[in-house]
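Structural characterization, general
Residue strings, one per chain:
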Amino acid sequence: MKRIILFLTVVLLAAVAVHAQDNEPKGPEIKFGKAVHDFDTIAKDSDGECWFEFENTGSEPLIITSAFSSCGCTVPTWPKEPVLPGAKNSIKVKYNTGQTGPFTKVIVVKSNATTNKKAILRIKGVVKE
């Protein structure tokens, strides 16, 4: 009787381990350290650059296919080469600080990520003289 219970316990644990491995994410995954960059107050005509760091937390190479903003005053630059699993990289965003006033801009990052094919990033702040 003890052998039967021990055998069934081992079979059950093996089945649980196999099932847990099947639930691990397969494919590339993108994870950003932050999704919003707040410039706070920035001077007119100053450097409006910021960086959004990310990591490929998946099991296959991550490819960013495009990145675009809600207007022409915000220009994203992304890595064109694949980002290997476990590797980190960043997306540079340049905001044109030529006009004064508050701003909030959205950047959409498209990739081959399994669960987050369109990541949304934001920049905000106030440009003053």
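Structure first, text after, so check above.
A brief look at the structure comes next. Since the model is a prediction, treat every value here as computed from it, not as a measurement. (Residues numbered from 1 in each chain as written. Predicted model: local features only at pLDDT ≥ 70, side-chain atom pairs only at ≥ 80, totals over all residues. Heavy atoms only, no water.)

1. Quick word on the sheet that holds strand 4 (residues 64-69)
Under the convention used in this document: Strand pairing is assigned whenever DSSP detects at least two bridges linking the two strands. Only DSSP runs of H or I reaching four residues or more are called helices, and only runs of E reaching two or more are called strands; each is numbered from the N terminus. Lines fitted to C-alpha atoms define the axes, with helix axes restricted to the stretch in contact, and inter-axis angles between N-to-C directions lie between 0 and 180 degrees.
A sheet is described by the order of its strands in space; here 4 strands give the open sequence 2-8-7-4, paired in mixed fashion. Only two strands of the sheet have a single partner each, and these edge strands are strand 2 (36-43) and strand 4. Put simply, the sheet's adjacent strands are angled 20 degrees from each other on average, direction ignored. Bridge count for strand 2 against strand 8 (residues 118-128) is 6 bridges, and the pairing is parallel.

2. Observations regarding the nonpolar core
Nonpolar side chains tend to gather and get buried jointly when the protein is soluble and globular. The following threshold applies: Take the buried Ala, Val, Leu, Ile, Met, Phe, Trp, Tyr and Cys residues and link them wherever side-chain atoms come within 4.5 Å; each set so joined is a nonpolar core. Only protein chains enter the accessibility calculation, which uses a 1.4 Å probe; a residue whose area is less than 20% of its type maximum is buried, one above 50% is exposed, and one in between is partly exposed. Contacts were defined at the residue level, with two residues in contact if any of their heavy atoms lie within 4.5 Å.
One finds Phe 32, Phe 54, Ile 91, Val 109 and Ile 123 to be the most contacted residues of the largest nonpolar core, which totals 23 residues. Going through the elements one at a time, strand 1 (30-32), strand 2, strand 3 (49-56), strand 4, strand 6 (88-95), strand 7 (101-111) and strand 8 are the ones with two or more residues in this core. The residues touching Phe 54, leaving out its near neighbours within four places in the chain, are Ile 30, Lys 31, Phe 32, Leu 62, Ile 64, Pro 79, Val 83, Ala 87, Lys 88, Asn 89, Ser 90 and Ile 91.

3. Quick notes on unusual backbone geometry
Although it is not a glycine, Asp 40 sits at a positive phi angle of roughly 60 degrees. Within the fold, Asp 40 resides in strand 2. Residues other than glycine seldom take positive phi values, yet Asp 45 does so here, at roughly 60 degrees. With respect to the element layout, Asp 45 can be found in the loop between strand 2 and strand 3.

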